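Chain and residue survey
The chain contents come next:
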Amino acid sequence: MRWLGHPTVKPVVFVLWLLPAAWLVWAAFNDRLGANPAEALIRSLGDWSLRALVLVLLVTPLRVGMGWPQLARLRRMLGLFVFFYASLHWLAYAWFDMGFVWPDIVADVPKRPFILVGTLGWLLLLVLAATSFNRAIRWLGAARWQALHRSVYAVAALAVLHFFWMRAGKQDFAEVAVYTAILGGLLGWRLWRRLKRPVRGSTLGRVSVREG
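In what follows, the accompanying structure is described. (Residues numbered from 1 in each chain as written. Predicted model: local features only at pLDDT ≥ 70, side-chain atom pairs only at ≥ 80, totals over all residues. Heavy atoms only, no water.)

1. Re the overall build of the protein
On a plain count of helices and strands, the protein comes out with nine helices and zero strands. In the protein, the succession of α and β elements from N to C terminus is α-α-α-α-α-α-α-α-α. Against the compact-globule benchmark of 17 Å for 212 residues, the protein has a radius of gyration of 18 Å, which places it among compact chains. Dimensions of the protein, computed from C-alpha atoms along their principal axes, come out at roughly 55 × 40 × 35 Å. Relative to its 212 residues, the protein shows a buried fraction of 41%. Long-range pairs, those at least 24 residues apart, make up 69% of the contacts in the protein between residues at least 6 apart in sequence. Of the accessible surface of the protein, which amounts to about 11,800 Å², a share of 69% is contributed by carbon and sulfur atoms. (Helix = DSSP H or I, 4+ residues; strand = E, 2+ residues; numbered from the N terminus. Rg over C-alpha atoms; globule rule 2.2 N^0.38 Å. Buried < 20%, exposed > 50% of the residue type's maximum accessible area, 1.4 Å probe, protein only. Contact = heavy atoms within 4.5 Å. Areas by Shrake-Rupley, 256 points an atom, 1.4 Å probe, with all protein chains shown as cover.)

This is the structure we're talking about:
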């Protein structure tokens, strides 16, 4: 897997992760999102947020289990794509559902549990994205920075809960079960590694918007 260290890999991955957003913009302007384009756009952006989150959490198991250390150089960019798609997902709700009427948005968020937990997850991602750079690590110190960025586990839990409540109205839990199993497995792997290590100096596998 030495090709993962090639200078062209990061630009290629960057472009590939922009393609879903580009396609959704094209589909919206060309009436290709079905009978309810606003709902299709909001849900598609949420789906891509979850997929990016899964990929970020998958980096460390692949790096450790498969011996692919070159994957580490992609973690920050992939993590920022989680924030990118989650931000578009939330903005699409604010625009298409609420018309950017901020008093109505502020009143609506606490009324609907799935929007409340989704907003909390996005706020955590905002903090992680804002502190994902080297200067933030130096400012916070490595230990505090790692502790802060472990809150991505909370993001994963909130994302699954948000997805569950969103699908509860239609009793459609098939995809929820898939994401719950995948994210649960990835977090369980990290817990297993922590329990397996000696108590002294043990740390949970590094995960963050920068390090997955």
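Moving on, there is more to tell.
2. Re the packing of aromatic side chains
Summed over the entire model, instances satisfying the criterion amount to 17 aromatic pairs. Taking 5.9 Å as the distance between ring centres and 85 degrees as the angle between the ring planes, the aromatic pair formed by Phe 81 and Phe 84 counts as edge-to-face. Here Phe 81 pairs with Phe 84, and both are found in helix α3 (residues 75-97), just three residues apart, close to one helical turn. When its relative accessible area of 5% is taken as the criterion, Phe 81 is described as buried. Seen from their ring centres, Trp 90 and Tyr 93 are 5.8 Å apart, and the 70 degrees between their planes marks the pair as edge-to-face. Highlighted residues: Trp 90 and Tyr 93, both in helix α3, separated by three residues, approximately one helical turn. You can call Tyr 93 buried: its relative accessible area is 6%. Among the aromatic residues, those joined into a cluster by ring pairs are Phe 83, Trp 90, Tyr 93, Trp 95, Phe 96, Phe 100, Trp 102 and Trp 122. Here Arg 51 stacks its cationic end above the ring of Trp 48, 4.5 Å away from the centre of that ring. (Phe/Tyr/Trp six-rings, centres within 6.5 Å; stacked < 30°, edge-to-face > 60°. Lys NZ or Arg CZ within 6 Å of the ring centre and 35° of its normal.)

3. Looking at the layout of surface pockets
Of the pockets and cavities examined, the largest pocket occupies roughly 600 Å³. Considering the residues around the largest pocket, the lining is formed by 29 residues, among which Ile 42, Gly 46, His 89, His 162 and Met 166 are closest to the centre. Elements with a minimum of two residues in the lining of the largest pocket: α2 (37-65), α3, α5 (113-130) and α8 (152-168). Here the lining of the largest pocket is built from residues that sort into 17 nonpolar, seven polar and five charged. What the second largest pocket holds in volume is close to 340 Å³. The wall of the second largest pocket is formed by 16 residues, among which Val 25, Leu 41, Leu 45, Trp 95 and Phe 96 lie closest to the centre. Going through the elements one at a time, α1 (9-29), α2 and α3 are the ones with two or more residues in the lining of the second largest pocket. (1 Å grid on protein atoms, 1.4 Å probe; cavity = no way out; pocket = protein on both sides within 12 Å on 5 of 7 lines; lining within 4 Å. Points joined across faces, edges and corners; volume = space filled by probe spheres on them. Nonpolar A, V, L, I, M, F, W, Y, C, P; charged D, E, K, R; others polar.)

4. Thoughts on the pattern of salt bridges
Applying the stated criterion across every chain yields a total of four salt bridges. A salt bridge links Asp 108 to Arg 112; the shortest N-O distance between them is 2.8 Å. Take Asp 108: its relative accessible area is 13%, and that puts it in the buried class. Asp 172 is paired through a salt bridge with Arg 167; the nearest N and O atoms lie 3.3 Å apart. Take Arg 167: its relative accessible area is 7%, and that puts it in the buried class. What emerges from the salt-bridge pattern is a single network uniting Arg 167, Asp 172 and Glu 175. (Salt bridge = Lys/Arg side-chain N within 4 Å of Asp/Glu carboxyl O.)

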